[in-house]
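What follows is each chain in one-letter form.
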Amino acid sequence: MRTLYHPKEKTNILDSDAVVIRFDAPNTATGEDMLELHTHGGIATVTAVLSAIGQINPKAIRAANPGEFTRRAFANDKLDLEQIESLGDILTAETELQRRASLRGPYQQLGRIYDQWRTSLIEELAHAAADTDHSEEHSLDDMAGTWDRIIEKVQRIQEEITYHQMGARCGQLLRQGIQVSLIGLPNAGKSSLFNQIVGSEASIVNKQAGTTRDVVEKTINYRDYLCTFADTAGVRAADIAGGADIGAIEEEGIKRAVAKAKNADVIVYVASFEPDPHDPSGYQIPIMDSLTSIIRNQDGSMKNVLVVVNKNDRPTSEQLEKCLLEMQDAIGRLMSTNGFSEAKLPIIDISVASAVAALPGRNGRPGRGNIGGFTQALMDLFQNMTTMPVDMAHLIGVRERQSQLLTACSEHLSDFLNEAALGIPDNSIATHHLELAAKCLAQVTGRLEGAGDVEEILGVVFSK
């Protein structure tokens, strides 16, 4: 406990009960001598202390640049880039799941894993170079024992990289948020459901088809998941709209709706129970013909999709079950004819109107609104997208920058394996690919001397 005085005004007390702590190098956060002043938190007190510090020696004392203490810790081998990026995630975490994901990095020490891989590759490169030096014309076959060991090690690293990239995808969804797009036919209730999800009247709701013309987005903390929900225009064509003339504005809205859905992480396809034109007392669930093209990823796989059927307060229980079974069969046929074999999408029936009005359900089924069922289905989908096996949960700490370098590393390792499989006499070609792979691993932790692009990487990381 110490009293802090102004350096040039000895009678000017800045704080009568401050805590002063000295930390001696190298056992400090930065590896350098450090001094901490714990003062009372009033704005005037803090401002006075900071001003006084600057007047002790203006030429020698200055305010730290953004991230400077962390960069000094990096320079003194107290932290590697993986740990620093984890620290950045901790400081910017907005949800509980983001906080948990950020804490997996510093304590699991992913950087050590990448250093081990790099060290292993360098060791094998040394053995290969030594064997090559015994003769001017060695071939891969002449060094079968050495190369077999290298090939086996490279294949094992590539397998492990695959798991790290899976963790990176899960972690990216947690840190950057999950993009969810609501799409469907006009007047199915997308905007009403969107408003129910985000908890506000963000989208205009009207019975007239085509009310939503542009994409309406809102980012929220949805059950600890950072999510951006997008309400989009109803996707229709003139032939299914009763010959209605679709104007240029609505047509543009439909194009934006489809584009937003194709770029989303999750698609909520909103359908609805509508009167059956062939049965005055019956109901049907119209299906969007373009559904399969929207939910297809560029690689041909299927996106994460949840089917929601709104207006379940209209049909009887028997009609509801019949319509849902028919819809399941129709979607199954549509999926199978478009290359999605044995695809079965989860279907949830809801009534946004009943949920909004807080009315009891019909036919003895309280809570027919079933918004809770929709929320649980969405949570199950999110959890499946962001969960890794227990023994690999720490891999969620892998970040996008690291994932890109791991991808490049894996490509160099594949080039090496291709060269090794050909048995090319010039061993230097194969080993060069290993050198490039080792360089990528060094860039992950930032411990690569003499590489000009590392300073650019450091500048981006520390600026955050």
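Our structure's up above, just so we're on the same page.
Residues numbered from 1 in each chain as written. Predicted model: local features only at pLDDT ≥ 70, side-chain atom pairs only at ≥ 80, totals over all residues. Heavy atoms only, no water.

### Some details on the pairing of strand β9 (residues 279-284)
Item 1. Bridge analysis of strand β8 (residues 274-276) against β9 gives three bridges, and the strand direction is antiparallel. Residue Glu-274 lies in a different strand from β9, and its bridge partner there is Gln-284.
Item 2. Between β8 and β9, which pair antiparallel and follow one another directly, the connecting turn spans two residues. (Pairing = 2+ DSSP bridges. Helix = DSSP H or I, 4+ residues; strand = E, 2+ residues; numbered from the N terminus.)

### Concerning the nonpolar core
Most often, soluble globular proteins have nonpolar side chains that are buried together.
Item 1. Core analysis: the biggest nonpolar cluster contains 65 residues, and Leu-193, Tyr-222, Phe-229, Phe-374 and Phe-382 have the highest contact counts within it.
Item 2. Considering each element in turn, this core owes the most residues, nine residues, to helix α6 (residues 144-176).
Item 3. Once you skip the residues sitting within four places of it in the chain, Tyr-222 turns out to touch Ile-197, Cys-227, Phe-229, Phe-374, Thr-375, Leu-378, Met-379 and Phe-382.
Item 4. By size, the runner-up hydrophobic cluster in this structure holds 27 residues, among which are Ile-254, Ala-257, Phe-273 and Cys-323. (Core = buried A, V, L, I, M, F, W, Y, C linked by side-chain atoms within 4.5 Å. Buried < 20%, exposed > 50% of the residue type's maximum accessible area, 1.4 Å probe, protein only. Contact = heavy atoms within 4.5 Å.)

### With respect to the pattern of salt bridges
Item 1. Within this structure, the stated rule accounts for 13 salt bridges.
Item 2. The salt bridge involving Arg-401 is made with Glu-85; its shortest N-O contact spans 2.8 Å. Separated by 316 residues along the polypeptide, Arg-401 in helix α13 (residues 400-422) and Glu-85 in helix α3 (residues 81-92) bring together distant segments of the chain.
Item 3. Its relative accessible area of 17% is what places Arg-401 among the buried residues.
Item 4. In this structure, a network of salt bridges that share partners links the residues Glu-32, Arg-62, Glu-68 and Arg-72. (Salt bridge = Lys/Arg side-chain N within 4 Å of Asp/Glu carboxyl O.)

### Re the packing of α13 against helix α14 (residues 427-445)
Item 1. Two numbers describe how α13 lies on α14: the axes approach to 8 Å, and their chain directions differ by 170 degrees. With respect to α14, the axis of α13 lies roughly antiparallel. Between α13, through Arg-401, Gln-402, Leu-405, Leu-406, Ala-408, Cys-409, His-412, Leu-413, Asp-415, Phe-416 and Glu-419, and α14, the contact on the second element is made entirely by Ile-429, Ala-430, His-433, Leu-434, Leu-436, Ala-437, Cys-440, Leu-441, Gln-443 and Val-444.
Item 2. Counted by class, the contact of α13 with α14 contains 14 nonpolar, four polar and three charged residues. (Axes fitted to C-alpha atoms, helices over the stretch in contact; angles between N-to-C directions. Parallel < 35°, antiparallel > 145°, perpendicular 65-115°, else oblique. Nonpolar A, V, L, I, M, F, W, Y, C, P; charged D, E, K, R; others polar.)

### Topic: the sheet that holds strand β3 (residues 34-38)
Item 1. The antiparallel open sheet is built from three strands, whose spatial order is β1-β2-β3. The sheet is open, and its two borders are formed by β1 (2-5) and β3, each paired with just one other strand. When the angles between neighbouring strand axes are averaged without regard to direction, this sheet yields 50 degrees.
Item 2. Bridge analysis of β1 against strand β2 (residues 13-23) gives three bridges, and the strand direction is antiparallel. Its bridge partner being in β2, Arg-2 is matched across the sheet by Ala-18.

### Things to note about the state of the cysteines
Item 1. Taken as a whole and assessed by the stated rule, the structure comprises zero disulfides.
Item 2. Cysteine Cys-409 shares no disulfide, and the gap to the nearest cysteine sulfur, in Cys-440, comes to 5.8 Å.
Item 3. The class of Cys-409 is buried, set by a relative accessible area of 0%.
Item 4. Of the residues examined, Cys-440 reaches a relative accessible area of 7% and is grouped as buried. (Disulfide = S-S within 2.5 Å.)

### Structural notes on the pairing of strand β5 (residues 216-222)
Regular strands have side chains that alternate between both faces of the sheet.
Item 1. One ladder, built from seven bridges, connects β5 with strand β6 (residues 225-231); its direction is antiparallel. Residue pairing for β6: Tyr-222 is matched across the bridge by Tyr-225.

### Quick notes on the sheet that holds strand β10 (residues 304-310)
Item 1. Here we have six strands laid out as an open sheet, ordered β5-β6-β4-β7-β10-β11, and mixed in their pairing. In this open sheet, the two edge strands, each paired with only one partner strand, are β5 and β11 (347-349). On average, each strand axis in the sheet is tilted by 25 degrees relative to the strand beside it, whichever way the strands run.
Item 2. Here strand β7 (residues 266-272) runs beside β10; their pairing, made up of seven bridges, is parallel. Looking across to β10, one finds that Val-268 is bridged to Leu-306.
Item 3. Along the sheet, helix α12 (residues 371-386) makes contact with β4 (178-184), β5, β6, β7, β10 and β11, crossing β10 at roughly 175 degrees.

### Examining helix α2 (residues 68-75)
Item 1. For α2, the full list of buried residues reads Glu-68, Ala-73 and Phe-74.
Item 2. Once α2 ends, the next one or two residues include Asp-77, with phi positive near 60 degrees.

### Observations regarding the packing of aromatic side chains
Item 1. Applying the stated criterion across every chain yields a total of three aromatic pairs.
Item 2. Ring geometry for Tyr-114 and Trp-117: centres 5.4 Å apart, planes at 65 degrees, overall edge-to-face. Here the residue Tyr-114 and the residue Trp-117 both occupy positions in helix α5 (residues 110-132), the gap between them amounting to three residues, near one helical turn. Here the two residues Tyr-114 and Trp-117 agree in accessibility, since each one is buried.
Item 3. Considering the side-chain rings of Tyr-222 and Phe-229, the 5.2 Å spacing of their centres and the 70 degrees angle between planes classify their relative orientation as edge-to-face. Like Phe-229, Tyr-222 is buried.
Item 4. Positioned over the ring face of Tyr-222 is Arg-223, at 5.3 Å from the centre of the ring. (Phe/Tyr/Trp six-rings, centres within 6.5 Å; stacked < 30°, edge-to-face > 60°. Lys NZ or Arg CZ within 6 Å of the ring centre and 35° of its normal.)

Spatial relationships are all this shows, so hold off on functional conclusions.
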